[in-house]
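# Working through the structure, step by step
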Amino acid sequence: MKYFLIILIILTIQSGCSSLNFPGVHRITIQQGNIVSQQMIDKLKPGMTRSQVRFILGNPIVDDALDKNRWDYIQTIKVAGGEMSSSRLILYFREDRLSYFEGDYLPTEFEEETQSEDDSG
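Read on for a plain summary of the structure. The shown structure was predicted, so the numbers you read here are calculated from the model rather than taken from an experiment. (Residues numbered from 1 in each chain as written. Predicted model: local features only at pLDDT ≥ 70, side-chain atom pairs only at ≥ 80, totals over all residues. Heavy atoms only, no water.)

### Let's talk about the overall build of the protein chain
Put simply, the test is: Runs of H or I in DSSP of at least four residues are treated as helices and runs of E of at least two as strands, each being numbered from the N terminus. The buried label goes to any residue with under 20% of its type's maximum accessible area, the exposed label to any with over 50%, and the partly exposed label to all in between, with areas taken from a 1.4 Å probe on protein chains only. Accessible areas in this description were obtained via Shrake-Rupley with a 1.4 Å probe; residue shielding takes into account the shown protein chains only.
Of regular secondary structure, the protein chain possesses four helices and five strands. When each of the 121 residues of the protein chain is scored for burial, the buried share is 20%. When the accessible surface of the protein chain is totalled, it reaches about 9,300 Å², and 57% of it is carbon and sulfur.

Here it is as structure tokens:
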């Protein structure tokens, strides 16, 4: 009876530890924020209205009350058993039209120009 109680206490303590990786336990991938794909980035063009941008990308995750001409799209992904990665996209508007954007995404045509310059140089 004493050994049974000791084993039960040890198992209870071990089951509470999230750092242990028990075989066969399913761990999920956690995604937060906006989902932004390369196809969405390629559809963005300077001069688009706010509603056109919202149709392509959805609502921005951060609504900055101090700067109405900036929209932030942030995405974080925690892969089961792996590292957390994050990406961001910041759009700037001038006179309610898309002026430019910056962040972790580039249009495909810009990437192709950069690669061709690297290959020729």
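There's more to say after this.
### Focus: the environment of Ser37
Along the chain, Ser37 turns up in the loop between β1 (30-33) and α2 (38-43). Residue Ser37 is classed as partly exposed on the basis of its relative accessible area, which comes to 25%. Spatially, the C-alpha atoms of Ser37 and Tyr105 are 8.8 Å apart, while their sequence positions differ by 68 residues.

### Comments concerning the side chain of Asn34
Heads up, the rule is: What qualifies as a polar contact is a pair of N or O atoms within 3.5 Å, subject to a donor-acceptor requirement within protein and to the restriction that residues adjacent in sequence count only when both atoms come from side chains. Here, two residues are considered to be in contact whenever any of their heavy atoms come within 4.5 Å of each other.
Tracing the sequence through the fold places Asn34 in the loop between β1 and α2. From its side chain, Asn34 meets the backbone oxygen of Asn59 in a polar contact 2.9 Å long. Setting aside residues no more than four positions away along its own chain, Asn34 makes contact with Leu57, Asn59, Pro60, Ile61, Asp72, Tyr73, Ile74 and Gln75.

### Section: unusual backbone geometry
Despite not being glycine, Glu95 shows a phi value in the positive range, around 55°. Here Glu95 is to be found in the loop between β4 (84-94) and β5 (97-103). Residue classification places Glu95 among the exposed residues on the basis of a relative accessible area of 73%. Although it is not a glycine, Asp96 sits at a positive phi angle of roughly 60°. Among the residues examined, Asp96 registers a relative accessible area of 47% and is labelled partly exposed.

### With respect to the side chain of Asp72
Tracing the sequence through the fold places Asp72 in strand β3 (residues 70-78). With a relative accessible area of 9%, Asp72 lands in the buried category. At 3.1 Å, the side chain of Asp72 and the side chain of Arg70 are in polar contact. Non-local contacts of Asp72, meaning those with residues more than four positions away in its chain, are made with Asn34, Pro60, Ile61, Val62, Leu89 and Ile90.

### Points about the nonpolar core
Selection rule: By nonpolar core is meant a set of buried Ala, Val, Leu, Ile, Met, Phe, Trp, Tyr and Cys residues that side-chain atoms within 4.5 Å join together.
Judged by nonpolar contacts, the single largest core of 15 residues is most densely connected at Leu44, Val53, Leu57, Tyr73, Leu89 and Leu91. Setting aside residues up to four positions removed in sequence, Leu91 forms contacts with Leu44, Val53, Leu57, Asn69, Arg70, Trp71, Tyr73, Leu98, Tyr100 and Phe101.

### Quick notes on the layout of surface pockets
Note the cut-off: Only protein atoms enter the calculation, which uses a 1 Å grid: trapped sets of points that fit a 1.4 Å probe without letting it out are cavities, open sets showing protein on both sides within 12 Å along at least five of seven lines are pockets, and any residue with an atom within 4 Å of a point is a lining residue. Grid points are joined across faces, edges and corners, and a volume is the space filled by probe spheres set on the points. The classification used treats Ala, Val, Leu, Ile, Met, Phe, Trp, Tyr, Cys and Pro as nonpolar, Asp, Glu, Lys and Arg as charged, and all other residues, Gly among them, as polar.
Here the largest pocket is characterised by a volume of approximately 210 Å³. Around the largest pocket, the lining comprises 14 residues; the ones closest to its centre are Leu44, Lys45, Pro46, Phe101 and Pro107. The element contributing the most residues to the lining of the largest pocket is β5, with four residues. For the lining of the largest pocket, the residue count by class is nine nonpolar, two polar and three charged.

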